[in-house]
Amino acid sequence: MRRTALALAAVVFSSLPLTAQSPGGSVVLVTGASSGIGRKIAEAMAAKGHFVYAGARKPDDLAALDKIPNVRGIKLDVTSASDIAAAVETVRRGGRGLTGLVNNAGVAILGALIEVEEKDLQFLFDVNVYGPYRVTKAFAPLLIESKGRVTTVGSISGILSGPLFGPYSMSKHAVEAYSDALAVEMARFGVKVSVIEPGNYKSEIGRNTMAQVEAAVARNPNSPFLPQMKNMVAAMGNYDNYPEPDAVADAAVHALFDPNPKMRYLVVPAARQAEVTIRKAIEELVQLNQSHPFSYDRDALVRMLDSALVRVK
Ligand SMILES: NC(=O)c1ccc[n+]([C@@H]2O[C@H](COP(=O)([O-])OP(=O)(O)OC[C@H]3O[C@@H](n4cnc5c(N)ncnc54)[C@H](OP(=O)(O)O)[C@@H]3O)[C@@H](O)[C@H]2O)c1
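Residues numbered from 1 in each chain as written. Predicted model: local features only at pLDDT ≥ 70, side-chain atom pairs only at ≥ 80, totals over all residues. Heavy atoms only, no water.

## Looking at the packing of helix H3 (residues 36–47) against helix H11 (residues 246–257)
Right, on to step 1. Close contact between H3 and H11 brings their axes to 8 Å; oriented N to C, the two are set at 55°. On the basis of their axis angle, the class for H3 and H11 is oblique. In this structure, the crossing between H3 and H11 has a hand that is right-handed. In this structure, H3 contributes Ile 37, Lys 40, Ile 41, Ala 44 and Met 45 to the contact, and H11 contributes Asp 246, Val 248, Ala 249, Ala 252, Val 253, Leu 256 and Phe 257.
Right, on to step 2. Looking at side-chain class alone, the contact of H3 with H11 contains 10 nonpolar, no polar and two charged residues. (Axes fitted to C-alpha atoms, helices over the stretch in contact; angles between N-to-C directions. Helix = DSSP H or I, 4+ residues; strand = E, 2+ residues; numbered from the N terminus. Parallel < 35°, antiparallel > 145°, perpendicular 65-115°, else oblique. Left-handed = near helix turned anticlockwise from the far one by under 90°. Contact = heavy atoms within 4.5 Å. Nonpolar A, V, L, I, M, F, W, Y, C, P; charged D, E, K, R; others polar.)

## Points about helix H9 (residues 205–219)
Right, on to step 1. Taking 1.5 Å as the rise per residue, H9 with 15 residues should run 21 Å; its terminal C-alpha atoms sit 22 Å apart, in good agreement.
Right, on to step 2. Taken residue by residue, H9 has Gly 206, Thr 209, Gln 212, Val 213, Ala 216 and Val 217 as its buried positions.
Right, on to step 3. Looking at the buried positions of H9, the neighbouring elements they touch are helix H6 (118–128) and helix H10 (226–236). (Expected span 1.5 Å × (residues − 1). Buried < 20%, exposed > 50% of the residue type's maximum accessible area, 1.4 Å probe, protein only.)

## A look at the site of the ligand
Right, on to step 1. Close to the ligand lie 31 residues; Ser 34, Ser 35, Ile 37, Tyr 168 and Ser 203 are nearest.
Right, on to step 2. Ile 37 is positioned such that a nitrogen or oxygen atom in its backbone is 2.7 Å from an oxygen atom of the ligand.
Right, on to step 3. At 2.9 Å, a side-chain N or O of Asp 77 approaches a nitrogen atom of the ligand.
Right, on to step 4. When the free accessible area of the ligand is taken as 890 Å², the share hidden by the protein chains comes to 95%. (Near = heavy atom within 4 Å. Polar contact = N/O pair within 3.5 Å; in protein donor to acceptor, adjacent residues only side chain to side chain. Areas by Shrake-Rupley, 256 points an atom, 1.4 Å probe, with all protein chains shown as cover.)

## Focus: the domain arrangement of the chain
Right, on to step 1. According to the domain assignment, the chain contains domain 1 (2–205 + 241–269) and domain 2 (273–313).
Right, on to step 2. Domain 1 and domain 2 are separated by 31 Å when their C-alpha centres are compared.
Right, on to step 3. At the junction of the two partners, domain 1 supplies nine residues and domain 2 supplies seven residues.
Right, on to step 4. Taking both partners together, domain 1 and domain 2 bury about 650 Å²; carbon and sulfur atoms supply 71% of that area.
Right, on to step 5. Linking domain 1 with domain 2 are two residue pairs in polar contact (both at pLDDT 80 or more).
Right, on to step 6. Per-class residue counts for the side of domain 1 that touches domain 2 are six nonpolar, three polar and no charged. (Domains from an automatic or database assignment. Buried area = accessible area lost by both parts, 1.4 Å probe.)

Encoded structure:
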């Protein structure tokens, strides 16, 4: 019954003229739009009059997304080649083209690197790293056709790393490298690429990660990391106390629609999160420069910083 209703909605939507559905004129795809940041991004883009293909996996989430004006739920598991191919086909048949892609779908796996299960690491990379790679690759012809935009939701964990966050940070560091290379490669086609690095915002990510951390605790009762892992279970319950991710949605809107999008969007709800992130980037620079034959002195480093500041203005 539900499937019939969804299929009917799909036919109705795809037969509507472009202007009726996208007064903002643009068509975007947001992956992982069932909850949290992705849902906010889909809502924000749709509220601005853009037509949003909102990726989700569960029928109930797709039905809920279909109820939002200017939004059409699209079944999209970013680890599924057949889902991705079908989504490309749906967007092509929709006939509206595609002007923007937000790679938002993501999961977290936490734990000590000498304990984390390889299959958990593979699952994490399959979603957080191979997901954006697969989806962007599949939609690249449409994005090149429209000289569109791609933004990927990374994290401050793409710059930071620390105990028990190793697996998640590894995946989000990969998103940084992915975005840097993609930006240069796509520039020749007029496609602009950016990466958004959120701090802590309210979403389902804590609840979604808790089961994995609890399973790791149960699996390793004698782990030297047990107290920290137990604290992590408690921390995962804190996500409801963080601010709503409206600022992350604003960054995604800027990344897709501003005439001068930034390469990186650091979006955090508290000064402390910005401070630790920037300090970490500076520390890494200093460590890279430390005592080797080609080290720069302080004045040369400051000149480099000054010229980088001029370039991003
Ligand atoms: N919240 C934060 O504080 C924070 C901070 C930095 C970065 N981030 C990043 O923000 C992004 C969104 O996370 P969130 O915090 O909004 O968490 P969330 O509420 O748990 O949302 C994650 C979304 O990703 C989807 N997803 C998971 N696996 C998927 C797959 N295989 N294929 C397609 N979709 C999949 C989920 O769909 P289902 O509902 O079907 O599972 C859900 O829609 C992630 O990339 C995350 O790493 C979040």
